[in-house]
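Fold and geometry: a report
Chain residues, written in single-letter form:
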Amino acid sequence: MESGPEAFAGVAFALFGGGLLAWTGLCLRTGMPVADGVSRPVATVTALLSGVAFLTTGCWLLAAL
């Protein structure tokens with residue numbers, strides 16, 4: 001019963017992190033800007049680090065079930 005919210009949060013974090021990494025990879029491959037109004041290297045590094053952090057947190061929450 002207590003693991004329901006933890007599982008939901010883990011899936012949400014993992015999906016968001018994976019989606020952010022996929023979006024960043026797609027933007028880099030096609031040459032689209034990662035974020036509007038931000039320099040390309042700063043936006044890329046920030047998006048990659050955030051994606052890895054969210055994906056790691058989601059996997060950690062799911063592994064703790």
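See the structure above.
Numbering of residues starts from 1 in each chain and follows the order in which that chain's sequence is written. Two thresholds apply to this predicted model, a pLDDT of at least 70 for residue-level local features and 80 or more for giving and counting side-chain atom pairs, whereas whole-chain, interface and lining totals are computed over all residues. Excluded from the side-chain calculations are hydrogens and water; all other atoms, namely the structure's heavy atoms, are used.

Another aspect to go through is the overall build of the protein chain. Per the secondary structure count, the protein chain includes 2 helices and 0 strands. For 65 residues, the compact-globule estimate of 2.2 N^0.38 gives 11 Å, and the C-alpha radius of gyration of the protein chain, at 14 Å, exceeds that figure by more than 25%. In terms of overall dimensions, the protein chain has a C-alpha envelope of 45 × 15 × 15 Å along the principal axes. Out of the 65 residues belonging to the protein chain, those deemed buried represent 18%. Each helix is a run of DSSP H or I of at least 4 residues and each strand a run of E of at least 2, with the numbering of both proceeding from the N terminus. Atoms counted for the radius of gyration: C-alpha only. Globule rule: 2.2 Å times the number of residues to the power 0.38. Residue exposure (1.4 Å probe, protein chains only): buried if accessible area is under 20% of the type maximum, exposed if over 50%, otherwise partly exposed.

Taken together, the side chains of V11, L15, L62 and L65 present a nonpolar region at the surface, about 370 Å² in accessible area. Examined against the element boundaries, V11 turns out to sit in helix 1 (residues 3–30). The partly exposed category is assigned to V11, whose relative accessible area is 39%. Patch members must show over 30% relative accessible area and no salt bridge, and they are joined within 9 Å when carrying like charges or within 5 Å when they are nonpolar side chains of Val, Leu, Ile, Met, Phe, Trp or Tyr. Using the Shrake-Rupley algorithm and a 1.4 Å probe, accessible areas are obtained, with residue cover drawn only from the displayed protein chains. Criterion for a salt bridge: a side-chain nitrogen of Lys or Arg within 4 Å of a carboxyl oxygen of Asp or Glu.

Turning to the side chain of T24, a few remarks are in order. With respect to the helices and strands, the residue T24 is situated in helix 1. Every residue pair with non-hydrogen atoms within 4.5 Å of one another is taken to be in contact. In this structure, T24 is in contact with T44, A47 and L48, ignoring residues within four places of it in sequence.

By this rule, a helix spans an expected 1.5 Å times one less than how many residues it contains. Taking 1.5 Å per residue, 24 residues should reach 34 Å; helix 2 (residues 40–63) reaches 34 Å between its end C-alpha atoms and fits that length. Buried-residue contacts for helix 2 involve helix 1.

We now examine helix 1. The end-to-end C-alpha separation of helix 1 is 40 Å, in line with the 40 Å expected for 28 residues at 1.5 Å each. Inspection of helix 1 places G10, A14, G17, T24 and C27 among the buried residues, and these make up the whole buried set. Buried residues along helix 1 sit in contact with helix 2. A positive phi of about 85° marks G31, the residue just after helix 1.

Another point: the environment of T57. Mapping T57 onto the fold places it in helix 2. With relative accessibility at 29%, the residue T57 sits in the partly exposed group. With 46 residues separating them along the chain, T57 and V11 place their C-alpha atoms 9.8 Å apart.

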